Amino acid sequence: MRLVVNSFLYASESQQPEPSLGTVLYRSFGLMLTNNNSKLSDATRDRYLAPDVVVPYEANCLLSFVNTPFSFHGVEPFDIGERKRRLVLFSPTLNETVERIEADFRARPARMA
């Protein structure tokens, strides 16, 4: 099974954007991981990834991005006390591999004009 898209719907009780609780999207400089559950060491992260965009934690904000071997995201450590960082996670998946879907697509007969 392959995860296709990551989507986070933030459910903050505050009506103000909170960048310190937001999700960081990283720019990859050559790092590619096919396993979504990989944990990176700080040295690897610092060498191959750079923070690019912070999407603030904000009520009713939806963040979605295509899950590729080059897409990386995270949340910086931040003490929020007793508060909870609430969100709804949507993770659509494919049961087939991308290679199989592409092969099936290429094998289809051409459309008639």
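Residues numbered from 1 in each chain as written. Predicted model: local features only at pLDDT ≥ 70, side-chain atom pairs only at ≥ 80, totals over all residues. Heavy atoms only, no water.

## Notes on the sheet that holds strand E7 (residues 87–90)
- Taken together, three strands build an open sheet; the order of strands is E5-E2-E7 and the sheet is antiparallel. Two strands lie at the open edges of the sheet, namely strand E5 (62–66) and E7, each paired on one side alone. Taken pair by pair, the neighbouring strands of this sheet meet at an average axis angle of 15 degrees, ignoring direction.
- Sheet analysis places strand E2 (residues 5–10) next to E7, joined by four bridges and oriented antiparallel. Of the residues in E7, the one forming a bridge with Ser7 is Phe90. (Pairing = 2+ DSSP bridges. Helix = DSSP H or I, 4+ residues; strand = E, 2+ residues; numbered from the N terminus. Axes fitted to C-alpha atoms, helices over the stretch in contact; angles between N-to-C directions.)

## Focus on the side chain of Ser7
- Note that Ser7 resides in strand E2.
- At 2.6 Å, the side chain of Ser7 forms a polar contact with the side chain of Ser64.
- Residue contacts for Ser7: discarding those within four places in its chain leaves Leu62, Leu63, Ser64, Val88, Leu89 and Phe90. (Polar contact = N/O pair within 3.5 Å; in protein donor to acceptor, adjacent residues only side chain to side chain. Contact = heavy atoms within 4.5 Å.)

## Description of the pairing of strand E3 (residues 18–28)
- One ladder, built from seven bridges, connects E3 with strand E4 (residues 49–57); its direction is antiparallel. Considered in E4, the bridge of Glu18 is made with Tyr57.

## Describing the sheet that holds E4
- Spatial strand order, E4-E3-E6: three strands in an open sheet with antiparallel pairing. At either end of the open sheet lies a strand with only one pairing partner, and these are E4 and strand E6 (72–74). Geometrically, the sheet is characterised by an average inter-axis angle of 25 degrees between neighbouring strands, direction not taken into account.

## Topic: the packing of aromatic side chains
- As enumerated under the stated definition, the model contains two aromatic pairs in all.
- When the ring of Phe8 is compared with that of Phe65, the centres are 6.2 Å apart and the planes differ by 55 degrees; the resulting orientation is tilted. Taken together, the positions of Phe8 in strand E2 and Phe65 in strand E5 put the pair 57 residues apart, joining distant regions of the chain. The pair Phe8 / Phe65 is uniform in exposure class, with both members buried.
- Considering the side-chain rings of Tyr10 and Tyr57, the 5.3 Å spacing of their centres and the 65 degrees angle between planes classify their relative orientation as edge-to-face. On the criterion of sequence distance, the pair formed by Tyr10 in strand E2 and Tyr57 in strand E4 is long-range, its members being 47 residues apart. (Phe/Tyr/Trp six-rings, centres within 6.5 Å; stacked < 30°, edge-to-face > 60°. Buried < 20%, exposed > 50% of the residue type's maximum accessible area, 1.4 Å probe, protein only.)

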